[in-house]
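Per-entry structural report
The primary structure of each chain is shown beneath.
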Amino acid sequence: MEFDFLPSVVPLVVIVAVATVALTSVMTPSTVFMMVLPSMIVFSVIAFFFGMKYGEFNSSP
């Protein structure tokens, strides 16, 4: 089983972008860009890494 980076990361980037745009209508853009967006990016990278490792573990014989 091969890992394809681009098809895996594109949905993640789209989800973070849509959430950022949606949150700017609720909060001030400076709050979203300075506090919320960095934490969303860090959480998504950590969740992606753990999900990738979990998938590698399950696909190994």
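Just above sits the structure.
Presented here is an overview of the structure given in this document. (Residues numbered from 1 in each chain as written. Predicted model: local features only at pLDDT ≥ 70, side-chain atom pairs only at ≥ 80, totals over all residues. Heavy atoms only, no water.)

Quick notes on a nonpolar patch on the surface
Threshold: A residue counts toward a patch only above 30% relative accessible area and without a salt bridge, and it is joined to like-charged neighbours within 9 Å or, for Val, Leu, Ile, Met, Phe, Trp and Tyr, to nonpolar neighbours within 5 Å. Methods summary: accessible areas were calculated by the Shrake-Rupley approach with a probe of 1.4 Å, and residue burial reflects only the protein chains presented. A pair is scored as a salt bridge if a Lys or Arg side-chain nitrogen falls within 4 Å of a carboxyl oxygen belonging to Asp or Glu. Put simply, DSSP marks the helices as runs of H or I at least four residues long and the strands as runs of E at least two long, and each gets a number from the N terminus on. Burial classes follow relative accessibility: with a 1.4 Å probe on protein chains only, a residue under 20% of its type's maximum area counts as buried, one over 50% as exposed, and anything between as partly exposed.
Together, Leu6, Val10, Val14 and Val18 make up a nonpolar patch on the protein surface, roughly 370 Å² of accessible area in all. Here Val14 shows up in helix H1 (residues 5–24). With relative accessibility at 45%, the residue Val14 sits in the partly exposed group.

A look at the packing of H1 against helix H2 (residues 29–59)
Put simply, the rule is: As a rule, the C-alpha atoms of each element are fitted with a line to give its axis, helices using only the stretch in contact, and angles between N-to-C directions run from 0 to 180 degrees. Reported orientations rely on four angle classes, namely roughly parallel under 35 degrees, roughly antiparallel over 145, roughly perpendicular from 65 to 115, and oblique for the rest. In a left-handed crossing the near helix is turned counterclockwise from the far helix by less than a right angle, and in a right-handed crossing that turn is clockwise. Contacts are residue-level and defined by heavy atoms, with any inter-residue pair within 4.5 Å sufficient.
It is at 10 Å that the axes of H1 and H2 come closest, and there the two elements cross at 155°. When the axis of H1 is compared with that of H2, the two are roughly antiparallel. Where H1 crosses over H2, the handedness of that crossing is right-handed. Judged by residue contacts, Ser8, Val9, Leu12, Val16, Ala19, Thr20, Leu23 and Thr24 of H1 engage Pro29, Val32, Phe33, Val36, Leu37, Met40, Ile41, Ser44 and Phe48 from H2.

Comments concerning the pattern of salt bridges
Taken as a whole and judged by the stated rule, the model has one salt bridge. A salt bridge links Glu56 to Lys53; its shortest N-O distance comes to 3.3 Å. Here the residue Glu56 and the residue Lys53 both occupy positions in helix H2, the gap between them amounting to three residues, near one helical turn.

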